[in-house]
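Take a look at the letters that make up each chain.
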Amino acid sequence: MAQKLAEGEQTIEEMRKQIEERNQTPGEVTGFGDYQVDVDSAAGTVTVTLPNAILFASGKATLKKSAKTDLKYIVSVLNEKYGSRQIDVVGHTDSDPIKKSKWKDNWELSAERALSVLRYLNSNGIPDDRIRAVGCGQGRPIAPNSSGSGKARNRRVEIVVHMR
C-alpha cells in the first residue's frame, strides 16, 4: 500500500512539473486530450469534467448516443494509463428545483447521472472493484447559479482518478 501511495504521489508530481515546465495542458499530460482536466497534487487526483450538455438531454439521466464516443475514449485512457487506480464518477446539478421530471430532487438526478456514466464505463472495461458513483446534487457548485452560464457549468459529471 505504501508503495502504491508513493508511486501515485510521484506520478502526480511528474504531471504537475510537465504542465509547468513544458507549457502543456493538463489534458495533454494526463492523456485526456481536449477535455477539461484538473491535476490536484494536494488531493492526489486527476479529474476530468464533462458538461451535462455532452452527456444528457435536459432533465434526463440516459446517456446521449453521441456521449458514448467521448466515454469510449475516456475508458481507453483509464485502462491504458490508470489501470490500477480507483475511480469516482461524481454527478452534479444546478440549484433549480426539480419540477417536471420523474426525479424527486437534484440529489436523485445527480446520482442517477453518475450511475449512468458508471454503468457505461463498467460495461466497457472498468471493473466493479475500481469504480463508484457519487451524487452531489447542487451542493458543490463551481459557478454562481445566478446566471444561465453558471448553471450550465454546475451541471456536470466528473471522473476522478485517485492516484494514491
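The structure under discussion appears in the preceding block.
Residues numbered from 1 in each chain as written. Predicted model: local features only at pLDDT ≥ 70, side-chain atom pairs only at ≥ 80, totals over all residues. Heavy atoms only, no water.

Draft legend 1. Structural view of the overall build of the chain. For the chain, the count of helices and strands is six helices and five strands. Moving toward the C terminus, one meets the helices and strands of the chain in the order α-α-β-β-α-α-β-α-β-α-β. Whereas a compact globule of 164 residues would reach a radius of gyration of roughly 15 Å, the chain reaches 16 Å, a difference of no more than 12%. The proportion of buried residues among the 164 residues of the chain is 41%. Restricting the contact set of the chain to residue pairs at least 6 apart, pairs at least 24 apart contribute 69%. When the accessible surface of the chain is split by element, carbon and sulfur atoms take 48% of a total near 9000 Å². (Helix = DSSP H or I, 4+ residues; strand = E, 2+ residues; numbered from the N terminus. Rg over C-alpha atoms; globule rule 2.2 N^0.38 Å. Buried < 20%, exposed > 50% of the residue type's maximum accessible area, 1.4 Å probe, protein only. Contact = heavy atoms within 4.5 Å. Areas by Shrake-Rupley, 256 points an atom, 1.4 Å probe, with all protein chains shown as cover.)

Draft legend 2. The packing of helix 4 (residues 67-81) against helix 5 (residues 106-123), seen in detail. Across the interface, helix 4 lies against helix 5 with an axial gap of 10 Å and an inter-helix angle of 55°. Taken together, the axis directions place helix 4 and helix 5 in an arrangement best described as oblique. Of the two possible hands of crossing, helix 4 and helix 5 adopt the one that is right-handed. Two secondary-structure elements touch here, helix 4 through Lys68, Leu71, Lys72 and Val75 and helix 5 through Val117, Tyr120 and Leu121. Along the lines of polarity and charge, the residues of the contact of helix 4 with helix 5 split into five nonpolar, no polar and two charged. (Axes fitted to C-alpha atoms, helices over the stretch in contact; angles between N-to-C directions. Parallel < 35°, antiparallel > 145°, perpendicular 65-115°, else oblique. Left-handed = near helix turned anticlockwise from the far one by under 90°. Nonpolar A, V, L, I, M, F, W, Y, C, P; charged D, E, K, R; others polar.)

Draft legend 3. Just the sheet that holds strand 2 (residues 45-51), in detail. Read across the open sheet, the five strands follow the order 1-2-5-3-4; overall the sheet is mixed. Since the sheet does not close on itself, it has two edges, and those belong to strand 1 (36-40) and strand 4 (131-135), each with one partner. Averaged over neighbouring strand pairs, the angle between their axes works out to 20° when direction is ignored. As judged from the seven bridges shared by strand 3 (residues 86-92) and strand 5 (residues 156-162), these two strands associate in the antiparallel manner. Of the residues in strand 5, the one forming a bridge with Gln86 is His162. (Pairing = 2+ DSSP bridges.)

Draft legend 4. Here's a closer look at the side chain of Arg113. Among the secondary structure elements, Arg113 is positioned in helix 5. Put simply, Arg113 is tucked away with no salt bridge, and the nearest opposite charge, on Asp94, sits 7.5 Å away. Separated by 2.7 Å, the side chain of Arg113 and the backbone oxygen of Lys60 make a polar contact. Contacts of Arg113, omitting those with residues within four sequence positions, involve Asn52, Phe56, Ala57, Ser58, Gly59, Lys60, Ala61 and Val157. (Lys, Arg positive; Asp, Glu negative; His and termini not counted. Salt bridge = Lys/Arg side-chain N within 4 Å of Asp/Glu carboxyl O. Polar contact = N/O pair within 3.5 Å; in protein donor to acceptor, adjacent residues only side chain to side chain.)

Draft legend 5. Local environment of the layout of surface pockets. Reported here for the largest pocket is a volume of approximately 350 Å³. Along the wall of the largest pocket there are 20 residues; nearest its centre are Ser58, Gly59, Asp94, Arg113 and Arg155. Contributions of two or more residues to the lining of the largest pocket are made by helix 3 (52-55) and helix 5. In terms of residue count, the dominant contributor to the lining of the largest pocket is helix 5 (three residues). Split by residue class, the lining of the largest pocket holds eight nonpolar, six polar and six charged. (1 Å grid on protein atoms, 1.4 Å probe; cavity = no way out; pocket = protein on both sides within 12 Å on 5 of 7 lines; lining within 4 Å. Points joined across faces, edges and corners; volume = space filled by probe spheres on them.)

Draft legend 6. Spotlight on the nonpolar core. Leu71, Val117 and Ile159 are the most contacted members of the largest nonpolar core, which totals 33 residues. Elements supplying a minimum of two residues to this core: helix 1 (2-21), strand 1, strand 2, helix 4, strand 3, helix 5 and strand 5. With six residues, the top contributor of residues to this core is helix 4. When residues no more than four places from it in sequence are discounted, the contact partners of Ile159 are Val46, Thr47, Val48, Leu50, Leu71, Ile74, Leu78, Ile87, Asp88, Val117 and Leu121. (Core = buried A, V, L, I, M, F, W, Y, C linked by side-chain atoms within 4.5 Å.)

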